[in-house]
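Residue-level structure breakdown
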Amino acid sequence: GRVLQSFTGFTVFSFVLELVALVFAFGMKFFTHIGYVVDTVVVGMCLCCEVLGAGKQMRILGFIRVWRLGRLVNSVLNVANAEHDATKAMLNREQLLVEKFKEESARNSEGMKREIDARKQVEQMLHGYKDEVVTLNEALKIAAYDIAGMAYDELMEQNEASNHKLVDDEGDD
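These figures come from a predicted structure and were not determined experimentally.

1. Focus: the pattern of salt bridges
Following the criterion strictly, the structure yields two salt bridges and no others. Measuring nitrogen to oxygen at the nearest pair gives 4.0 Å for the salt bridge that ties Lys 102 to Glu 99. Of this pair, Lys 102 and Glu 99 both sit in helix α3 (residues 55-172), three residues apart, which is roughly one turn of the helix.

2. Remarks on the packing of aromatic side chains
Summed over all chains, the structure comprises three aromatic pairs. With a centroid separation of 5.7 Å and an interplanar angle of 25°, the aromatic rings of Phe 26 and Tyr 36 are classed as stacked. Remark: Tyr 36 occurs in helix α2 (residues 34-52) and Phe 26 occurs in helix α1 (residues 2-26); sequence separation between them is 10 residues. Residue class for Phe 26 comes out partly exposed when judged on its relative accessible area of 41%. Their ring planes at 90° and their centres at 5.1 Å tell us that Phe 30 and Phe 31 sit as a pair that is edge-to-face.

3. A word on the nonpolar core
Note that soluble globular proteins tend to have their nonpolar side chains buried in a common cluster. Within the largest apolar cluster, six residues are counted, these being Phe 15, Leu 19, Leu 22, Phe 30, Tyr 36 and Val 43. Residue assignment for this core shows that the elements contributing at least two residues are α1 and α2. No other element matches the three residues that α1 contributes to this core. Discounting residues that sit within four places of it in the chain, Leu 19 has contacts with Phe 30, Tyr 36, Asp 39, Thr 40 and Val 43.

4. Here we look at the confidence of the model for the protein
Scored by pLDDT, the protein has a mean of 82; 80% of the residues are at 70 or more. Highest mean pLDDT in the protein belongs to α3 (85); lowest belongs to α1 (76).

5. Regarding α2
Since the α-helix turns once every 3.6 residues, residues separated by three or four places project in the same direction. If you check α2, its first and last C-alpha atoms are 27 Å apart, about what 19 residues at 1.5 Å a residue would give, namely 27 Å. Within the sequence span of α2, burial applies to Gly 35, Tyr 36, Asp 39, Val 42, Val 43, Cys 46 and Cys 49. Considered in projection along α2, the buried side chains sweep an arc of 155° and stay on one side of the axis. Those residues of α2 that are exposed and angled more than 90 degrees off the buried face are Ile 34, Val 51 and Leu 52.

Cut-offs applied
Residues numbered from 1 in each chain as written. Predicted model: local features only at pLDDT ≥ 70, side-chain atom pairs only at ≥ 80, totals over all residues. Heavy atoms only, no water. Salt bridge = Lys/Arg side-chain N within 4 Å of Asp/Glu carboxyl O. Helix = DSSP H or I, 4+ residues; strand = E, 2+ residues; numbered from the N terminus. Phe/Tyr/Trp six-rings, centres within 6.5 Å; stacked < 30°, edge-to-face > 60°. Buried < 20%, exposed > 50% of the residue type's maximum accessible area, 1.4 Å probe, protein only. Core = buried A, V, L, I, M, F, W, Y, C linked by side-chain atoms within 4.5 Å. Contact = heavy atoms within 4.5 Å. pLDDT = per-residue confidence, 0-100. Expected span 1.5 Å × (residues − 1). Arc of directions from axis to C-beta.

The following block contains the structure:
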């Protein structure tokens, strides 16, 4: 019984210290928070019962202290939920960025495909022009050979005609 009474006294004393620290930390705002006010009433009643030695009333107030534990668990859960909500919001922002980057990537890929197609068309045109240049070059060579052959034949005819004229002129002498 004495150990339980000592533990109960220590617990009430620690609650009193906690409330005093909260009053110093929050000042007058402490009294505007309903949870802190209820805690103050419960701890005050426990302290009075402890000083007056009313043990049965202490047991009843002990059940009310469970409310403090519930409030603590609720606070921890609220903090965890707030962190979870913040993480979800950040995840949603990141997902929007990923979607934006996917759309941009798709646009860039489409632009890249158009550039590749345009480049292929230009290369085909250049290849066609190259083939035309080779064909024209061959045609020019053939034409040049034909012209050179004709010029040679004409020169040969003129040479023969000159030779015949010389022979005719020498024969007249």
